[in-house]
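So you can see what is in the structure, the chains are spelled out below.
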Amino acid sequence: FGSGVVRETRLQMPTAPEKPKQEAAASATKTVKLEAEEGEPESEPPAVIKESFKRPRNRNRPKDELAPPRPKTVYQRVTAVLRQRLGESKPELNSDIKGMALALKSEWDKVPTFEKEKMQKMYEAEFEVWKLKFAEYKKTQHYKDFFEVKQDWLDAQKRKKLAKKLNKDMPKRPMTSFSLFASDVRDRIAPGCAGPADVARKVAEEWHVLDQERKNGYMEKSAKLSEAFKIEFSAYKQTEAWKKYCQENAKLQAKQLKKLMRTKMANAPKKPQSAYGLFYSEIMPHVLEENKGTAVSELRKIVQQKWQECASTRREDLEIEANRLRQEYNKQVAEFKRSLSYSQYVQAQAKLKEREKFGFDNGGSPSKPPTPFSLYAEDHKQKVEPGSGPQESRRTLLQRYLRAPLKEKKKYEEKARVLKRKWVEEMRAKKEGDGSQNMHMPRGRKNNFQSEAQRILKMTYLSGVPKKPPGNAFKLFVHETRNAMPLPKEDKERRQAIESLKTDWTKTDLATKYRYAVRVKEIKAKWKEDLRMFMTCEKWLEYTRECKRLRLSAQSIFPSKSKRLQKDPRLNFPEKPQGMPIIPPRPMELFAKTKMGTAKGNKAVQALWRKMSDKQKKLFEDQTRELKEKYNMEMRKFRESEEGQEYLARMREVSSRNRLVRAKDSFLAGTPKKPNEALGKFIEAKVEEVGNQHSGVSGRELRKILVDMCEVLDEVGRA
C-alpha cells in the first residue's frame with residue numbers, strides 16, 4: 001500500500017444454495033490485488049490470510065463453531081495484512097494500541113478509491129451468500145441451543161454489571177473456614193506448584209488431613225465473621241442503594257419471559273393469517289417485481305389499494321380460507337395446551353413473576369424476626385464448650401432447648417411473638433409507603449396462574465367426564481324436541497325459540513310430564529353413578545396427583561349445591577357409608593315382620609302385641625338384645641376406621657351448623673340487616689383506582705381500605 005506492496009488475499013467463499021444468481025455471486029476463490037503506487041518496488045512477497053469464525057476480546061464469551069463464518073469487511077481485510085507488516089517493520093507499535101490504530105488509518109487512507117469500491121462489491125456479494133446460509137442455519141436446533149447459552153451468558157454479565165454498579169458499598173461476604181485456611185497456607189504451598197489448579201489441589205489435601213481441633217478454630221472464626229456480616233448486611237438492606245438494586249434486578253428478571261416463550265413455547269402453533277394477510281402474501285411478490293427500488297411503505301400502500309379493488313367473490317374465498325385456518329389453529333392450540341411443555345411454561349411464568357414481584361416488594365424490607373430457638377441460642381451460646389464447631393454447637397444448644405423448662409420456653413415464644421408483631425407492622429408501613437405505592441405491579445398473578453393451570457388440567461384429564469344431563473322435565477323435553485341441537489346464540493332468536501317450546505310444553509298432558517320427570521330422575525341417578533365410576537379410573541387419580549403437585553384444589557365434578565344453600569342455610573346430613581352397621585329392630589318390629597301377611601295395618605299389629613304374654617314377648621326381646629350386642633361391636637370397629645371417623649366428624653359439623661341456624665331463626669329473626677348495596681357500589685366504583693394506588697397489598701387489605709373509605713363518607717356521598 002503506502003510502501004508500494006502488491007498483496008494478494010485469498011478468501012474462502014461459502015457454498016450457496018443452487019440458484020443461478022447466487023452461484024454467479026459465490027465463486028469458490030476470489031483474488032484481490034491491491035496495486036502499488038507507480039515507481040515503488042515490492043518489498044516482500046504476497047501474504048495469504050485464511051478466515052475463521054472467531055469471537056474477539058472476551059475469552060469467556062460463548063462461541064458457535066458450527067455457524068457459517070461471516071465475511072470480513074474491506075477495512076478488516078486490508079488492516080489484517082497491514083497489521084502484520086507494521087508489527088514487523090516497527091516493533092514498538094505492537095505494544096502501542098493507539099499508535100498502531102493511527103498507523104493503520106494512515107495506510108488505509110492511501111488505498112485507492114477504485115480498489116476500495118472493487119473490494120466492497122466483492123464483500124457485498126459474499127455477504128448476500130452468507131445471509132442465505134445463516135438464515136438456513138438459524139433454523140437448526142444447534143443454533144437455538146447456542147442462542148440460549150449465549151443469552152444466559154449475556155444476562156449473567158448484565159447482573160454482574162448491575163451488582164458492581166449499584167452495590168459498591170455492600171459489605172463483603174465472609175470467608176468460609178476452608179477459605180481462611182487456604183489464605184494461611186497458600187503462600188507456603190504456592191512456590192512449589194505448577195499453577196493455580198495445583199495449589200488448590202494441595203490445599204484441599206492438607207485440609208482433609210487437618211485435625212478436628214484446628215478445623216473447629218477456623219469454623220468459629222468464620223462463624224464470627226458471618227455474624228458481623230449479618231449485622232452489616234441488615235443495616236445495608238435499609239438503604240436506598242439496596243432498594244434500587246432490587247428493583248433493577250426485578251426488571252432484569254422480567255426479561256426472562258422472552259426466553260420462556262422461545263424455549264417452552266417453541267412448538268406452539270403459529271397464528272393463522274387473516275384474509276388480508278393471505279392476499280398480502282400472494283400479491284406482494286408481483287408488486288415487488290413491478291416496482292423495483294420503491295420504498296416498503298409505498299409498496300404496502302399499493303397492496304392496500306389492490307385489496308380495496310379486489311372482487312367480492314375473491315374476498316369471500318379468502319375469508320373462507322382464513323376461517324378454515326383459524327379453526328385448525330384453535331384445534332392445534334387446544335391440543336398444545338394439553339402438552340407437558342405448556343404446563344411447564346405456565347409454572348415457570350408464575351415463578352418468574354413471583355420473583356419479579358418479590359424484588360419490587362422486598363427492596364429495603366425489614367429482616368424476618370428470629371424464632372424462639374434462635375433467641376435461646378443467642379442467650380446461651382457462651383455456655384457451649386469452646387473448640388466445638390458451629391454444627392456441633394447448634395446441636396448442643398438444640399438439645400438444651402428441648403430439655404429446657406416449659407416456663408422458659410414460653411418466655412422465648414412470647415418474645416418471638418412480640419418481634420413478629422413488630423415486623424408485621426413494619427412491613428405494613430413499608431407497603432403503605434411512597435416507594436411501594438409508586439410501583440404499579442399487575443395484580444392477581446396467583447389467580448391467573450391458578451385459573452390457567454386449572455384450565456390445562458381440565459382439558460388434559462377431565463375431557464372424558466360424563467356430560468351433565470338436563471336438570472328438569474322441561475329441559476329434557478327441549479333437548480329431545482330439538483334433537484340435542486343448542487339454542488340460538490342471538491337473544492331475539494333465543495327468546496322466540498324458548499317461548500315456542502314453552503307453548504308446546506303447556507299443551508302436553510300430565511301423564512307425559514310425569515314420564516319426563518321420572519326419566520329425569522333415572523338419567524340423573526345413572527349420571528351420578530357414571531361420575532363415581534370415573535373417579536375410580538386412572539385419569540382421575542392422575543388429575544388429583546397433578547393438583548397436589550401444583551398445590552391446587554381438585555375441582556369437584558359433582559353438581560354444586562350452592563344455589564340450594566342460599567335458599568336454605570341448613571345442611572343435609574351426609575349419606576351413610578355402605579360399611580356402617582344398621583341399627584337392629586325393636587322387639588315389636590321383629591314381631592311385625594312375622595305378621596306381615598296376616599295383620600292389616602299398624603294398629604292391628606299393636607293390638608296383637610298387647611295381647612301377647614310376657615313369656616312370648618321375651619323371645620323377641622332376647623333376639624333384639626343379641627342383635628344390639630352385635631351392632632355395638634360392629635359400631636365400635638366402624639368408629640375406629642378412617643371412613644367412620646370422617647363420617648362422624650361430618651355429622652357433628654352439620655349438626656352444629658343446623659343448631660346455629662335454628663337458633664338464629666328463633667331468636668334473631670327480627671334483627672335489622674346491614675344495607676350492603678351502597679358499600680358494594682362504592683367498592684365496585686373505586687376498586688381499580690385504589691388498587692393502582694396500593695398495588696402491593698393483598699385483596700383482604702384492599703377491601704379493608706375501601707370499607708374504611710366508605711365509612712368516612714358523609715350522607716351526601718353515601719346517597
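Residues numbered from 1 in each chain as written. Predicted model: local features only at pLDDT ≥ 70, side-chain atom pairs only at ≥ 80, totals over all residues. Heavy atoms only, no water.

**Student:** Now, about the overall build of the protein chain: what can you tell me, with residues and values included?
**Tutor:** Looking only at helices and strands, one finds 31 helices and two strands in the protein chain. Out of the 719 residues belonging to the protein chain, those deemed buried represent 29%. Across the protein chain, contacts joining residues at least 24 apart in sequence account for 73% of those joining residues at least 6 apart. On the protein chain, roughly 51,400 Å² of surface is accessible, and the fraction owed to carbon and sulfur atoms is 53%. (Helix = DSSP H or I, 4+ residues; strand = E, 2+ residues; numbered from the N terminus. Buried < 20%, exposed > 50% of the residue type's maximum accessible area, 1.4 Å probe, protein only. Contact = heavy atoms within 4.5 Å. Areas by Shrake-Rupley, 256 points an atom, 1.4 Å probe, with all protein chains shown as cover.)

**Student:** Please provide a residue-by-residue account of the environment of Gln454, values included.
**Tutor:** If you trace the backbone, Gln454 turns up in helix α19 (residues 445-461). For Gln454, a relative accessible area of 11% puts it in the buried group. The spatial distance from the C-alpha of Gln454 to the C-alpha of Gln555 is 8.4 Å, given a sequence separation of 101 residues. Setting aside anything within four residues of it in sequence, one finds Gln454 in contact with Tyr543, Leu552, Ser553 and Gln555.

**Student:** Give a description of the packing of aromatic side chains that names residues and reports values.
**Tutor:** Any two aromatic rings considered together are summarised by their centre-to-centre distance and by the angle between their planes. A complete count under the given rule lists 32 aromatic pairs for this structure. Look at Tyr236 and Trp242: their rings are 6.1 Å apart centre to centre, the planes differ by 65°, and that puts the pair in the edge-to-face class. A single burial state applies to Tyr236 and to Trp242, both of which are buried. Through pairs of rings, three or more aromatic residues link up here, namely Tyr123, Phe127, Trp130, Phe134, Tyr137, Tyr143 and Phe147. Above the face of the Trp307 ring, Arg315 is positioned so that its terminal group lies 4.4 Å from the ring centre. Of note, Lys411 hangs over the ring of Tyr412, and the distance from its end group to the ring centre comes to 5.0 Å. (Phe/Tyr/Trp six-rings, centres within 6.5 Å; stacked < 30°, edge-to-face > 60°. Lys NZ or Arg CZ within 6 Å of the ring centre and 35° of its normal.)

**Student:** Tell me about the confidence of the model for the protein chain, and please be specific about residues and values.
**Tutor:** Model confidence for the protein chain is summarised by a mean pLDDT of 77, while 81% of its residues fall at 70 or above. For the protein chain, per-element mean pLDDT is lowest for strand β2 (residues 29-34), which scores 33, and highest for helix α27 (residues 614-640), which scores 90. Contacts from residues 434-446, a stretch scored under 50 in pLDDT, to residues over four places away or in other chains number 27 contacts. Ignoring residues within four places in sequence, the model shows residues 562-567, a span with pLDDT below 50, making four contacts including any to other chains. (pLDDT = per-residue confidence, 0-100.)

**Student:** If you had to explain helix α5 (residues 141-166) to someone new, which residues and values would you point to?
**Tutor:** Taking 1.5 Å per residue as the helical rise, α5 with its 26 residues ought to reach 38 Å, and the 38 Å between its terminal C-alpha atoms agrees with that figure. Looking at α5, one finds that the buried residues are Tyr143, Phe146, Glu148, Trp153, Asp155, Leu162 and Leu166. (Expected span 1.5 Å × (residues − 1).)

**Student:** Give a description of α27 that names residues and reports values.
**Tutor:** The terminal C-alpha atoms of α27 lie 38 Å apart, and with 27 residues this matches the ideal 39 Å at 1.5 Å per residue to within 8%. Within the span of α27, buried status applies to Lys617, Phe620, Thr624, Tyr631, Met635 and Phe638.

**Student:** I'd love a proper account of the pattern of salt bridges, names of residues and values included.
**Tutor:** Across all of its chains, the model carries 21 salt bridges by this definition. A salt bridge links Glu480 to Arg519, with the nearest nitrogen and oxygen atoms 2.4 Å apart. In this pair, Glu480 sits in helix α20 (residues 473-481) while Arg519 sits in helix α22 (residues 510-534), placing the two residues 39 residues apart along the sequence. Judged by relative accessible area, which is 34%, Arg519 ranks as partly exposed. In this structure, the salt-bridge partner of Glu538 is Arg545, at a minimum N-O distance of 3.1 Å. Overall, the relative accessible area of 45% leaves Glu538 in the partly exposed class. Classification of Arg545 as partly exposed rests on a relative accessible area of 47%. Look at the salt bridges and you will find they share partners, linking Asp198, Arg201 and Glu205 into a network. (Salt bridge = Lys/Arg side-chain N within 4 Å of Asp/Glu carboxyl O.)

**Student:** Residues and numbers for the packing of α20 against α22, please.
**Tutor:** α22 packs onto α20 with a crossing angle of 95° between their chain directions and a minimal axis gap of 8 Å. The orientation of α20 relative to α22 falls into the category roughly perpendicular. Contact residues: Ala473, Leu476, Phe477 and Glu480 in α20; Lys513, Tyr516, Ala517, Arg519, Val520 and Ile523 in α22. When its residues are assigned to classes, the contact of α20 with α22 shows seven nonpolar, no polar and three charged. (Axes fitted to C-alpha atoms, helices over the stretch in contact; angles between N-to-C directions. Parallel < 35°, antiparallel > 145°, perpendicular 65-115°, else oblique. Nonpolar A, V, L, I, M, F, W, Y, C, P; charged D, E, K, R; others polar.)

**Student:** Let's hear about the packing of helix α25 (residues 587-594) against α27: which residues, and what values?
**Tutor:** Where α25 contacts α27, the two axes come as close as 8 Å, and the packing angle between them is 115°. Between α25 and α27, the crossing angle belongs to the class labelled roughly perpendicular. Read as a crossing pair, α25 and α27 show a hand that is right-handed. Contact residues: Pro587, Leu590, Phe591 and Thr594 in α25; Phe620, Glu621, Gln623 and Thr624 in α27. (Left-handed = near helix turned anticlockwise from the far one by under 90°.)

**Student:** Lay out the environment of Thr396 in plain terms, naming residues and giving numbers.
**Tutor:** Mapped onto the fold, Thr396 is located in helix α16 (residues 390-403). Counting along the chain gives 13 residues from Thr396 to Lys383, while the straight-line C-alpha distance between them is 9.9 Å.

**Student:** Go over the side chain of Ser177, please, and point to the residues and values.
**Tutor:** Position of Ser177 relative to the elements: it lies in helix α6 (residues 177-189). Leaving out residues up to four positions away in the same chain, Ser177 has contacts with Trp207, Tyr218, Met219 and Ser222.

**Student:** Tell me about a positive patch on the surface, and name the residues and values.
**Tutor:** Judged by side-chain charge, Lys468, Lys475, Lys524 and Lys528 come together as a positively charged surface patch. Inspection of the secondary structure puts Lys468 in the loop between α19 and α20. Assessed through its relative accessible area of 61%, Lys468 is described here as exposed. (Patch = residues over 30% accessible without salt bridge, like charges linked within 9 Å, V, L, I, M, F, W, Y side chains within 5 Å. Lys, Arg positive; Asp, Glu negative; His and termini not counted. Charge placed at Lys NZ, Arg CZ, Asp CG, Glu CD.)

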